[in-house]
Amino acid sequence: MKVLVVDDDRTTRFLLRRVLVAELGCIVNEASDGVEALDLLAATRYQLVILDVQMPLMDGLETLRALRDAPDFKLLPVVMLTAERNEAIVQQIIGLGVLDYMTKPLVPGRIAERLKRVTRWLQTENMLVPDRVGNGLDDQASLLIVDGSEDFRRFVADTVGAKRAVRQAETGARGFRECLEARPGAVFIGSGLGVLNESLLVRKIRSTSAIHDTYLVAVLDKEEDPAARSAGYDGHVTRTFIAENFLRQLESLSTAEDGPLRDLLTVHPGLRVTLISAAEQVFGMMLSTEVVLRDASPLVPGERVMAAAAAQWQDRFSVELRGCCDVQTGRQMAASLLGIEPSMVGDEDVDEAVCEVFAMIGARLQNTLADKQVTLSFGVPAVARLTGPVGSAADGEILLCFESPGREVQFWLRLSVDPSVPAVDAAAGDAVAGETVATEAAARETPTGEAPCEPAGQKETLAPA
Amino acid sequence: MDSQPADLEELANRLGGDRACLAELIDIFLDDARARTDEVRREEGNLAALRRVAHTLKGAAGNLCAMAASRAAAQLETAAARGDQSSAGAARLALLDEMNRLIAQLVNARVAGAAGSGQ
């Protein structure tokens, strides 16, 4: 990957070059201001530009605007570099569609982690578009349904068969053989499979090197607890004989596996999704339908720190991304982001860290939607310290709430901060983005007409840009 | 160690213990830092120039784990941005002081070979 690093400070260029070359195997060119950068960009094709905001001659924002105005560079991936915590500047950066932004001073371990994530993102960006997801559920891949019920196997074959090949196996043993012989893209595993029952079949597939990464979907009975059959599976559907319902579940799986939201949330080494509500599916739906959501509702109470970003999408609906976390969690994030001990973290650091994580989520959301030719504007996250009733965020957790008040449904994502991820230096080599697991689904219906409680300090939330 | 302007041990740790890299980083910093410190000295009263150079020093000193100098630069940048001549004057002197201490420490470290041979 060829990367252009643009910064007037040589120590910054040196540190970035070192990480990019030594740890990511990139080819790096350097420019000390925007003019020199545009010169190099005209002559060479780069896969990524890292651009400082404040530079002499032509600053980073001016350069970025020039790039976005030029058809050839409209979609050029850019990571901004800034020593600023200035909201107006951050807002402009996000508004110009950047992949990520990093704050100075640079901590090598931290930037290595961030840039690894950025390059991984660039390498897999096709996966972010649901209809191009290569998780075994794409249109070309064949499916295998292993289930004791002939009726259900036939239903699946009839429902899905028009689009792709569907193989059937009535026992676990036959299903395993089919897996080895036909190498299906995805295997749906039901029940009544005989001696090689569902859990043995999953274990057998996972321990056979040739097929261990096959996409496995549990077919649950209506009353069955998804948690009881989560080990070894990549997803689950609920048994149904209604074609429309089955197809919708299939579509949700496609979206959920490598959907935009999963990636949006892997912005911080210590952040891990322990619960993904129906939001992921809803997001998939929002991206493909003309759902109209009405105006935003008041904030939902969180514990003590809350950041919110509001997004508007083509005036067709608005989504508010709200989050809350306890101070301890914010402190942990700040320590990690700043590369210092948690005991050294001040209140201001906590606010900035929370805002930065939310801004990163916003920037990534924006980029994901930009891929779909959707224009999105985000407000700058603001922090409100809440003194009101304690909300649902427990220690070490951050709640993100996607509200669609017109529909009286709130979609929650519960993120936890991984206590085993220390300050970034040590975490750089270990933290793996994307090892998040969706374990539970919850879309909370708000009773009609019930006004959500308004916490103190909510006026700090900013309106959409 | 705490009273040193730059925490070179911490910086070495951040660089994975690579002393040659540390030496190179220090040399790069020193190359520019002297000229920028001269600029701070020279541009007394020119708030626009002071703001720009303070901004650069803030980031560069931070990259070297020289947090006192970085903070002093940040204070000058803020004061200059506000157009506050009197605060900027005080912040300018504080920054000059911090930069002189920092440069002296880094030069000594290079002379003593404490930051590696650079090879």
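Just above, that's the structure.
Here's what I pulled together on the structure shown here. Keep in mind that what you see is a predicted model, and the values were worked out from it rather than measured. (Residues numbered from 1 in each chain as written. Chains lettered and ligands numbered in written order. Predicted model: local features only at pLDDT ≥ 70, side-chain atom pairs only at ≥ 80, totals over all residues. Heavy atoms only, no water.)

1. A closer look at the overall build of chain A
1) Next: Across its full length, chain A holds 14 helices and 18 strands.
2) Next: Looking at chain A residue by residue over its 465 residues, the buried ones come to 55%.
3) Next: Counting only carbon and sulfur atoms, one obtains 50% of the accessible surface of chain A, whose full area is about 19400 Å². (Helix = DSSP H or I, 4+ residues; strand = E, 2+ residues; numbered from the N terminus. Buried < 20%, exposed > 50% of the residue type's maximum accessible area, 1.4 Å probe, protein only. Areas by Shrake-Rupley, 256 points an atom, 1.4 Å probe, with all protein chains shown as cover.)

2. Re the packing of aromatic side chains
All names here are of chain A.
1) Next: Per the counting criterion, the structure on display carries six aromatic pairs over all chains.
2) Next: When the ring of Phe155 is compared with that of Phe246, the centres are 5.8 Å apart and the planes differ by 75°; the resulting orientation is edge-to-face. Here the residue Phe155 occupies a position in helix H6 (residues 150-160), and Phe246 occupies one in helix H9 (residues 243-258), the gap between them amounting to 91 residues. Neither residue differs from the other here; Phe155 and Phe246 are each classed as buried.
3) Next: Ring-pair connections join several aromatic residues into one group, and the members of that group are Phe152, Phe155, Phe188, Phe241 and Phe246.
4) Next: One residue, Arg239, lies across the ring of Phe152, its end atom 4.6 Å from the ring centre. (Phe/Tyr/Trp six-rings, centres within 6.5 Å; stacked < 30°, edge-to-face > 60°. Lys NZ or Arg CZ within 6 Å of the ring centre and 35° of its normal.)

3. Looking at the packing of helix H2 (residues 19-42) of chain B against helix H5 (residues 85-112) of chain B
Residue and element names in this part refer to chain B.
1) Next: Relative to each other, H2 and H5 sit at 150°, their axes nearing to 10 Å. Considering the angle they form, H2 stands roughly antiparallel to H5. When you trace H2 past H5, the crossing you get is left-handed. For the pair H2 and H5, the contacting residues are Ala23, Ile26, Asp27, Phe29, Leu30, Ala33, Arg34, Thr37, Val40 and Arg41 in the first and Arg92, Leu95, Leu96, Met99, Asn100, Leu102, Ile103, Leu106, Val107 and Arg110 in the second. (Axes fitted to C-alpha atoms, helices over the stretch in contact; angles between N-to-C directions. Parallel < 35°, antiparallel > 145°, perpendicular 65-115°, else oblique. Left-handed = near helix turned anticlockwise from the far one by under 90°. Contact = heavy atoms within 4.5 Å.)

4. A few points about unusual backbone geometry
1) Next: Of note, Arg183(A) is a non-glycine position whose phi angle comes to about 45°, a positive value.
2) Next: The topology assignment puts Arg183(A) in the loop between helix H7 (172-182) and strand S8 (186-189).

5. Things to note about the pattern of salt bridges
All names here are of chain B.
1) Next: Inspection of the entire model under this criterion finds 24 salt bridges over all chains.
2) Next: Taking the shortest distance from any N to any O, the salt bridge between Arg36 and Asp32 comes out at 3.8 Å. Placement of the pair is Arg36 and Asp32 together in helix H2, with a separation of four residues, close to one helical turn. Each of the two residues, Arg36 as well as Asp32, counts as buried.
3) Next: Across the pair Glu98 and Arg101 runs a salt bridge, and its minimum N-O distance is 3.2 Å. Placement of the pair is Glu98 and Arg101 together in helix H5, with a separation of three residues, close to one helical turn.
4) Next: A relative accessible area of 15% places Glu98 in the buried class. (Salt bridge = Lys/Arg side-chain N within 4 Å of Asp/Glu carboxyl O.)

6. What to know about the packing of helix H4 (residues 67-82) of chain B against H5(B)
Residue and element names in this part refer to chain B.
1) Next: Relative orientation of the contacting elements H4 and H5 amounts to 155°, with a least axis distance of 8 Å. As the angle between them shows, H4 and H5 are arranged roughly antiparallel. In the crossing of H4 with H5, the sense of the turn from one axis to the other is left-handed. Contacts between H4 and H5 pair Ala68, Ala69, Ala72, Ala73, Gln75, Leu76, Ala79, Ala80 and Arg82 from the former with Ser87, Ala88, Ala91, Arg92, Ala94, Leu95, Glu98, Met99 and Leu102 from the latter.
2) Next: Here the residues of the contact of H4 with H5 sort into 13 nonpolar, two polar and three charged. (Nonpolar A, V, L, I, M, F, W, Y, C, P; charged D, E, K, R; others polar.)

7. Quick notes on the interface of chain B and chain A
1) Next: Facing 22 residues of chain B, the contacting portion of chain A comprises 19 residues.
2) Next: Taking both partners together, chain B and chain A bury about 1800 Å²; carbon and sulfur atoms supply 54% of that area.
3) Next: Interface area lost by chain B to chain A is led by Arg14(B), His55(B) and Asn63(B), which between them contribute 35%.
4) Next: Joining chain B to chain A, the criterion identifies four salt bridges. (Buried area = accessible area lost by both parts, 1.4 Å probe.)

8. A word on H4(B)
Residue and element names in this part refer to chain B.
1) Next: For H4, built from 16 residues, the straight-helix expectation of 22 Å at 1.5 Å per residue is met to within 8% by its first-to-last C-alpha distance of 22 Å.
2) Next: Each element contacted by the buried residues of H4 is listed here: H2, helix H3 (47-63) and H5.
3) Next: Following H4 by one or two positions, Gly83 has its phi on the positive side, about 75°. (Expected span 1.5 Å × (residues − 1).)

9. A short note on the sheet that holds strand S1 (residues 2-6) of chain A
Residues and elements named next belong to chain A.
1) Next: One open sheet holds the five strands; their spatial order is S2-S1-S3-S4-S5, and the pairing between them is parallel. Edge strands, defined here as strands with exactly one partner in the open sheet, are strand S2 (27-31) and strand S5 (100-103). Averaged over all neighbouring strand pairs, the angle between strand axes comes to 20°, with direction disregarded.
2) Next: Examined bridge by bridge, S1 and strand S3 (residues 48-52) share four bridges and lie parallel to one another. Its bridge partner lying in S3, Val5 is registered against Ile50.
3) Next: The strands touched by helix H1 (residues 10-23) are S1, S2, S3, strand S4 (78-82) and S5; relative to S2, the strand with the most contacts, the crossing angle is about 170°.
4) Next: The sheet strands contacting helix H3 (residues 60-69) are S3 and S4, and the helix crosses S4 at an angle near 165°. (Pairing = 2+ DSSP bridges.)

10. Quick look at the pairing of strand S6 (residues 143-146) of chain A
Residue and element names in this part refer to chain A.
1) Next: Neither face of S6 is left uncovered, since the one carrying Leu143 and Ile145 and the one carrying Leu144 and Val146 both have all their residues buried.
2) Next: Pairing of S6 with strand S7 (residues 166-169) involves four bridges; the strand directions are parallel. Bridged to Leu143 within S7 is Val166.
3) Next: Judged from the four bridges that link them, S6 and S8 form a sheet pairing that is parallel.

11. Section: H5(B)
Residues and elements named next belong to chain B.
1) Next: Between its terminal C-alpha atoms H5 stretches 40 Å, which fits the 40 Å expected from 28 residues at 1.5 Å a residue.
2) Next: The elements touched by buried residues of H5 are helix H1 (8-14), H2, H3 and H4.
3) Next: Once H5 ends, the next one or two residues include Gly113, with phi positive near 75°.

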